[in-house]
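A structural walkthrough
Chain by chain, the residues run as shown.
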Amino acid sequence: MNCIIVDDEPLAREAIQMLIDQTDNLDLIGSFNSPYSATDFLLNNEVNLLFLDIKMPGINGIEFAKTIPKETFVIFTTAFSEFASDSYEVDAIDYLIKPVKLERFQKGVDKAQAFYKLFSADYANNNIETIIDDYFFIKADRKIVKIHFNDTLFIEGLKDYVVMHTENQKVITAMNIKTIHDQLPKNMFVRVSKSYVINAKKIDSVDNNTVYIGKNEIPIGNIYRDFFFNEFVTKKILSR
């Protein structure tokens, strides 16, 4: 994948470049000290992946991410953890806290590469084929896959695709996350951010910003927080 770096700190750009050099299948084609200097390059070159700082003079990384081409994936790299939930509202692939370790960096890149391969394939828009009792059928990878509600941990959306994370597999299909959420049982599946729908029965714990399901940490978006806590946390606790 062709990638670029946008960060106002020279040492931070060098650190990300070193990580890119140690990672297969990444080709660094540009490094910029501000979103303004990267804008023309993004419009005139094929950029598959953008490593983007958040706190920069002028426009910040969150706002800039809203303006980039749809085909460009974003991995945020920042020293500040408080922007994590905001980052997923702009379909970020990942959110890396500086200083970024190689293993954590490669995990984010692997996720980006998986979506890149999917987006490069020729997929038609899909729908849930059938809902029967406690399971449904969905088109994925040119097959029709059976998914049990109780096996589904959460659903992750990115642009016009979703990944269904189940107990035993990940199923990727071309579908808007709103479309799939609208067709699932609302007493079980709740949207907690622009990018995530979770199975409420699978929640292990929650705090104000995060839902924990097994080893997965799922951010809670600001506009979904009140509904989630009122309808799926506080109400359930008080009704026991």
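Residues numbered from 1 in each chain as written. Predicted model: local features only at pLDDT ≥ 70, side-chain atom pairs only at ≥ 80, totals over all residues. Heavy atoms only, no water.

**Some thoughts on the overall build of the protein chain**
Across its full length, the protein chain carries seven helices and 16 strands. Relative to its length of 240 residues, the protein chain is compact, with a C-alpha radius of gyration of 19 Å against a globular reference of 18 Å. When the backbone C-alpha atoms are referred to their principal axes, the protein chain occupies close to 55 × 40 × 30 Å. Considering only intrachain contacts with a sequence separation of at least 6, the fraction spanning at least 24 residues in the protein chain is 52%. Accessible surface, the protein chain: about 12,400 Å² in total, of which carbon and sulfur atoms supply 48%. If you average the places of the 27 positive and of the 34 negative side-chain charges in the protein chain, the two averages end up 6 Å apart. (Helix = DSSP H or I, 4+ residues; strand = E, 2+ residues; numbered from the N terminus. Rg over C-alpha atoms; globule rule 2.2 N^0.38 Å. Contact = heavy atoms within 4.5 Å. Areas by Shrake-Rupley, 256 points an atom, 1.4 Å probe, with all protein chains shown as cover. Lys, Arg positive; Asp, Glu negative; His and termini not counted. Charge placed at Lys NZ, Arg CZ, Asp CG, Glu CD.)

**A few points about the sheet that holds strand β10 (residues 161-166)**
One open sheet accounts for five strands, arranged β11-β10-β9-β13-β12; its pairing is antiparallel. Strands at the two margins of the open sheet, each flanked by one partner only, are β11 (170-173) and β12 (189-191). Going across the sheet, the axis of each strand differs from the next one's by a mean of 15°, ignoring polarity. Pairing of β12 with strand β13 (residues 196-199), which is carried by three bridges, proceeds in the antiparallel orientation. Bridge assignment links Val190 to a residue of β13, and that residue is Ile198. (Pairing = 2+ DSSP bridges. Axes fitted to C-alpha atoms, helices over the stretch in contact; angles between N-to-C directions.)

**Considerations on the pairing of strand β15 (residues 210-213)**
Taken together, the two bridges between strand β14 (residues 205-206) and β15 define a ladder with antiparallel strand orientation. Bridging from a neighbouring strand, Ser205 pairs with Tyr212 of β15. Between β14 and β15, which follow one another and run antiparallel, lie three residues. Across four bridges, β15 lies against strand β16 (residues 216-219) in antiparallel orientation. Across the sheet, the residue bridging to Tyr212 is Glu217, located in β16. Remark: two residues form the turn of the hairpin made by β15 and β16, two consecutive strands paired antiparallel; Gly214 in that turn has positive phi of roughly 60°.

**Examining the environment of Asn45**
Among the secondary structure elements, Asn45 is positioned in the loop between α2 (35-44) and β3 (49-52). For Asn45, a relative accessible area of 35% translates into the label partly exposed. It is 9.4 Å that separates the C-alpha atoms of Asn45 and Asn2, two residues lying 43 residues apart in sequence. (Buried < 20%, exposed > 50% of the residue type's maximum accessible area, 1.4 Å probe, protein only.)

**Side note on the packing of aromatic side chains**
Inspection of every chain in the model, using the stated rule, returns eight aromatic pairs. Centre to centre, the rings of Tyr135 and Phe137 are 5.7 Å apart; their planes meet at 90°, and the pair counts as edge-to-face. Given a relative accessible area of 18%, Tyr135 falls into the buried group. Overall, the relative accessible area of 26% leaves Phe137 in the partly exposed class. Connected via pairs of aromatic rings, a cluster forms that spans Phe136, Phe149 and Phe189. The ring of Phe80 carries the charged tip of Lys55 above its face, separated from the ring centre by 4.4 Å. Its end group placed over the ring of Tyr135, Lys146 keeps NZ or CZ at 4.2 Å from the ring centre. (Phe/Tyr/Trp six-rings, centres within 6.5 Å; stacked < 30°, edge-to-face > 60°. Lys NZ or Arg CZ within 6 Å of the ring centre and 35° of its normal.)

**Concerning the environment of Ile75**
By the secondary structure assignment, Ile75 is in strand β4 (residues 73-78). Using a relative accessible area of 0% as the deciding quantity, one classes Ile75 as buried. Each C-alpha atom of the pair Ile75 and Gln113 lies 12 Å from the other, and the pair is 38 residues apart in sequence. In this structure, Ile75 is in contact with Leu49, Leu50, Phe51, Leu52, Ile93, Asp94, Leu96, Gly108 and Val109, ignoring residues within four places of it in sequence.

**Examining the UniProt feature "modified residue: 4-aspartylphosphate" (unreviewed entry) in the protein chain**
Here the UniProt-annotated "modified residue: 4-aspartylphosphate" (unreviewed entry) positions come out as Asp53. As for its placement among the helices and strands, Asp53 is situated in the loop between β3 and α3 (61-65). Overall, the relative accessible area of 3% leaves Asp53 in the buried class. If sequence neighbours within four positions are ignored, Asp53 has contacts with Val6, Asp7, Asp8, Gly61, Phe76, Thr77, Thr78 and Lys98. (UniProt positions renumbered as here; feature names shortened; annotations may be inferred.)

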